[in-house]
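Listed here are the chains, written in short residue letters.
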Amino acid sequence: MNGIHLQSHLNAVGPEQLQGFFEGWPNPPSPETLHRILLGSYRSSVAVRRSTSEVVGFAQAISDGVLTAFIPLLEVLPEYRGRGLGLHLMRHLLAQLEHLYAVDLSCDDALYGFYERLGFQRGGGMIRRNYARQNGEG
Ligand SMILES: CC(C)(COP(=O)(O)OP(=O)(O)OC[C@H]1O[C@@H](n2cnc3c(N)ncnc32)[C@H](O)[C@@H]1OP(=O)(O)O)[C@@H](O)C(=O)NCCC(=O)NCCS
């Protein structure tokens with residue numbers, strides 16, 4: 001995408017460049033917490049707008065480093081959606097996970113087609129949430 005580059009490490013990206021994510025979350029993690037999330041990830045892909053150095057999208061994976069990775073978060077800022085950036089971020093992240101056996105995620109039904117384009121298959125899943133901990137603070 002013009003004017004945007006993907007990087008696999010945060011490098012100099014700080015919390016001030018991680019604004020506007022977690023759209024629609026009632027109790028969202030702060031930019032500082034998102035920074036901690038990315039620092040603690042096994043692998044990540046971060047889309048940075050060259051002109052402003054702001055992050056406009058990211059994907060992150062957690063892993064045991066042996067067999068399995070899980071992709072908890074993928075998000076593109078609303079004004080950058082619909083231009084292929086989500087697929088780019090996922091391909092960039094998946095390229096960093098090719099040594100693993102299983103790469104899993106959970107998603108809404110509406111996104112099945114998006115992930116099938118990336119080689120994912122539909123599978124059953126179970127999730128458990130503690131909404132009091134949604135912002136990841138403390
Ligand atoms: C999902 C998301 C990352 C996609 O980002 P994006 O940059 O708009 O995606 P792309 O432009 O690469 O989309 C590629 C294709 O997937 C489709 N697609 C993208 N988002 C979709 C959605 N939410 N529902 C259904 N289809 C979708 C697009 O229509 C496009 O298809 P096309 O090429 O036939 O037009 C973005 O909508 C987002 O951040 N959503 C909020 C967070 C979220 O839902 N994350 C996923 C958690 S599992």
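From a predicted model like this one, the values you see are computed outputs, not experimental measurements.

1. Focus: the environment of glycine 84
Thought 1: Residue position: glycine 84 is located in the loop between β4 (68-76) and α2 (85-95).
Thought 2: Separated by 17 residues in sequence, glycine 84 and leucine 67 have C-alpha atoms that sit 29 Å apart.

2. Some points on unusual backbone geometry
Thought 1: One non-glycine residue, asparagine 11, lies in the positive phi region at around 50°.
Thought 2: The residue asparagine 11 is located in the loop between β1 (4-7) and α1 (31-39) in this model.

3. What about the packing of aromatic side chains?
Thought 1: Under the definition given, this model contains 4 aromatic pairs.
Thought 2: Between phenylalanine 21 and phenylalanine 58 the ring centres are 5.1 Å apart and the planes differ by 80°, which places this aromatic pair in the edge-to-face class. Within this pair, whereas phenylalanine 21 is found in the loop between β1 and α1, its partner phenylalanine 58 is found in strand β3 (residues 55-63), the two being separated by 37 residues in sequence. Comparing phenylalanine 21 with phenylalanine 58, the two get one shared label, buried.
Thought 3: Note on phenylalanine 22 and tryptophan 25: the rings are 4.8 Å apart at their centroids and 65° apart in plane angle, and the pair reads as edge-to-face.
Thought 4: Overall, tryptophan 25 belongs to the partly exposed group, its relative accessible area being 33%.

4. Section: the site of the ligand
Thought 1: Not every one of the 17 residues close to the ligand is listed here, only the nearest: Leu74, Val76, Gly82, Gly84 and Gly86.
Thought 2: The separation between a nitrogen atom of the ligand and a polar main-chain atom of leucine 74 is 2.8 Å.
Thought 3: At a separation of 3.2 Å, an oxygen atom of the ligand approaches a polar side-chain atom of arginine 117.
Thought 4: Protein contact buries 63% of the 880 Å² of open area that the ligand shows by itself.
Thought 5: Elements represented by at least two residues in the shell around the ligand include exactly β4, α2 and α3 (112-116).

5. A short note on the nonpolar core
Thought 1: Counting 34 residues, the largest nonpolar core has Ile71, Leu85, Met90, Leu97 and Phe120 as the members making the most contacts within it.
Thought 2: Taken together, the elements giving at least two residues each to this core come down to α1, β2 (43-49), β3, β4 and α2.
Thought 3: Broken down by element, this core gets its largest block of residues, 6 residues, from α2.
Thought 4: Setting aside anything within four residues of it in sequence, one finds leucine 85 in contact with Met1, Ile4, Leu6, Ala47, Val56, Val76 and Tyr80.

How each quantity is defined
- Residues numbered from 1 in each chain as written.
- Predicted model: local features only at pLDDT ≥ 70, side-chain atom pairs only at ≥ 80, totals over all residues.
- Heavy atoms only, no water.
- Helix = DSSP H or I, 4+ residues; strand = E, 2+ residues; numbered from the N terminus.
- Phe/Tyr/Trp six-rings, centres within 6.5 Å; stacked < 30°, edge-to-face > 60°.
- Buried < 20%, exposed > 50% of the residue type's maximum accessible area, 1.4 Å probe, protein only.
- Near = heavy atom within 4 Å.
- Polar contact = N/O pair within 3.5 Å; in protein donor to acceptor, adjacent residues only side chain to side chain.
- Areas by Shrake-Rupley, 256 points an atom, 1.4 Å probe, with all protein chains shown as cover.
- Core = buried A, V, L, I, M, F, W, Y, C linked by side-chain atoms within 4.5 Å.
- Contact = heavy atoms within 4.5 Å.

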